[in-house]
Structures are given as C-alpha cells and as structure tokens.
Amino acid sequence: MEGRAAPKEFEVAIGEAISAPEAFGASFDAAPAADELELGEGLEGDPALAFRRTLGMFATGVTVLTTRVGEQVHGMTANAFMSVSLDPALVLVSIDRRTKMCGLLYEGSRYGVSVLCETQSELSDRFAGRAVNSAEPRFDVVRDTPLVDGALAHFVARVERSYWGGDHSLFLGRVEYARQHSGAPLLFHGGHYVSSGRS
Ligand SMILES: Cc1cc2nc3c(=O)[nH]c(=O)nc-3n(C[C@H](O)[C@H](O)[C@H](O)COP(=O)(O)O)c2cc1C
C-alpha cells in the first residue's frame, strides 16, 4: 500500500533544519526585534509582567530537572517541560539562559526529569532557589543521572539538540529511561501551587 505523502516541512533533512538565528548569519543578540506585544483589555502596567501573568494561566505540572556535575547533583525546578514525540521518544525543556543549569547542559549530556507529586511543593521551592527548611532531598541514580526520590514519574534524557529560545534555551532530549508511580501531581497555576483535588 502506498503511504501518504509527507507534509512539506518534513522534506527538510534534520541536519539542515534551522535551529538558531546563526543559521541566517546573525548572532543570538542580533535576532530581529519582535513586534511590540499588544496587551488585551484588562492588562495594564509592565508588559513583561502582564505577559508572564498571562502565561501563568496555563496550568502545568512541576518537575525538577537534574544533572550530575562530577560527584555533585545540580537540580532546578521547571514547569516548561513537554512531550514531543513517541517514536523516537523525545521531550523538551525550556531553560532560562541565566540559570546555572543552562550552562551545564550541552548536546550529548544527560538530564533527569522528576515529575513532582502533590506533597513535594517544598522540594519545588528548594530547587527554585527559594528559602525552605525541607529535608535534604534524596536521589536515585539511573544511567549516571540523579532522579529525585518520591516523584510521580522519572525520565532520563540525552540532549539531542539545543535551540535558541530567546532568553531561554530549548533542550530536546531523547528519552532513554522512563518510569512512573501512582499518586496525585503537584500543579502550578497563576503563580501558585494548586491541588488536583484527586486525593
Ligand atoms: C514552579 C516553578 C517553575 C519554574 N519553571 C522554570 C522553567 O521552566 N525554566 C526555567 O528556566 N526556570 C524555571 N523556574 C525558575 C528556576 O527554578 C530558578 O530560576 C532556579 O533557581 C534556577 O536554578 P539554577 O540557576 O541553580 O540552575 C521555575 C520556578 C518555579 C518555582
């Protein structure tokens, strides 16, 4: 049976795909300025803040991203995590370029993703650099990658590609390991942790 023709965008070999403004001969900082952000009704004040608050309307889970630095673990709270592809198994994280984590990841390195459960908000705060008195986190190491104990799901991914994402960098990871446990997730909405109401 003849397969359906692939959409045009799939005709570009992955190696030729444009991943950064450099592909056009421009540097990151020389990326063309975006049109000014227009704020709809009810949104006043600092546009950057209003944009951030509006993004916060999108409810997400919360993860802790981890990577090994010598004998140390570096962890960072992130809600900008998404599934990308089932075959191959790919996920994506968006990381602020000013964070320590951003400087630790590169193509070929591994990162762990621990999807937090509803009792782990203190852990989330801790890995977001907020002052908390939570117990020392414990880690399980899989494929040389630390994973936070007690999380709802775990992934280990190897960075396949990194992309320009404005003031963030995007790390597309090929998933090498995945596991899950039962429980209720920690959710984040409007800048606050919220309960899923499942337990
Ligand atoms: C709920 C929540 C979600 C966050 N999501 C992200 C994210 O997706 N990407 C990001 O770069 N920072 C995110 N942050 C902020 C980082 O966790 C924070 O900047 C952290 O201190 C960076 O750590 P590092 O510089 O030690 O690597 C989030 C913070 C919180 C509380």
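Look above for the structure.
All values reported here derive from a predicted model rather than from experimental measurement.

Looking at the overall build of the protein chain
When helices and strands are tallied, the protein chain shows 3 helices and 12 strands. Across the 199 residues in the protein chain, those meeting the buried criterion constitute 31%. Within the protein chain, contacts between residues at least 6 apart in sequence are counted, and of these 61% link residues at least 24 apart. Looking at the protein chain as shown, the accessible area adds up to about 13100 Å², and 53% of this sits on carbon and sulfur atoms.

Side note on the pattern of salt bridges
Tallied over the entire structure, the rule returns 11 salt bridges. Note that R68 is salt-bridged to E71, the shortest N-O span being 3.8 Å. We classify R68 as partly exposed; its relative accessible area is 39%. With a relative accessible area of 75%, E71 lands in the exposed category. In this structure, D96 and R98 form a salt bridge, with 2.7 Å as the shortest nitrogen-oxygen distance. Since its relative accessible area comes to 72%, R98 is described here as exposed. Shared partners join several salt bridges into a network, and the residues in it are R110, R143, R158 and E176.

Some words on the pairing of strand 9 (residues 153-165)
The sheet contact formed by strand 6 (residues 110-115) and strand 9 spans 6 bridges and is antiparallel. Bridge pairing in strand 9 places V113 opposite F155. One ladder, built from 12 bridges, connects strand 9 with strand 10 (residues 168-180); its direction is antiparallel. Bridge pairing links A157 to V175 in strand 10. With antiparallel pairing between neighbouring strands as the criterion, strand 9 and strand 10 make up a hairpin whose turn holds 2 residues, including G166 at a positive phi of roughly 70 degrees.

Points about the environment of E176
Its location among the elements puts E176 in strand 10. The partly exposed category is assigned to E176, whose relative accessible area is 25%. Expressed as a C-alpha distance, the spacing of E176 and R158, which sit 18 residues apart in the sequence, is 7.1 Å. Setting aside its immediate chain neighbours within four residues, E176 contacts R110, R143, V156, A157 and R158.

What counts and what doesn't
Residues numbered from 1 in each chain as written. Predicted model: local features only at pLDDT ≥ 70, side-chain atom pairs only at ≥ 80, totals over all residues. Heavy atoms only, no water. Helix = DSSP H or I, 4+ residues; strand = E, 2+ residues; numbered from the N terminus. Buried < 20%, exposed > 50% of the residue type's maximum accessible area, 1.4 Å probe, protein only. Contact = heavy atoms within 4.5 Å. Areas by Shrake-Rupley, 256 points an atom, 1.4 Å probe, with all protein chains shown as cover. Salt bridge = Lys/Arg side-chain N within 4 Å of Asp/Glu carboxyl O. Pairing = 2+ DSSP bridges.

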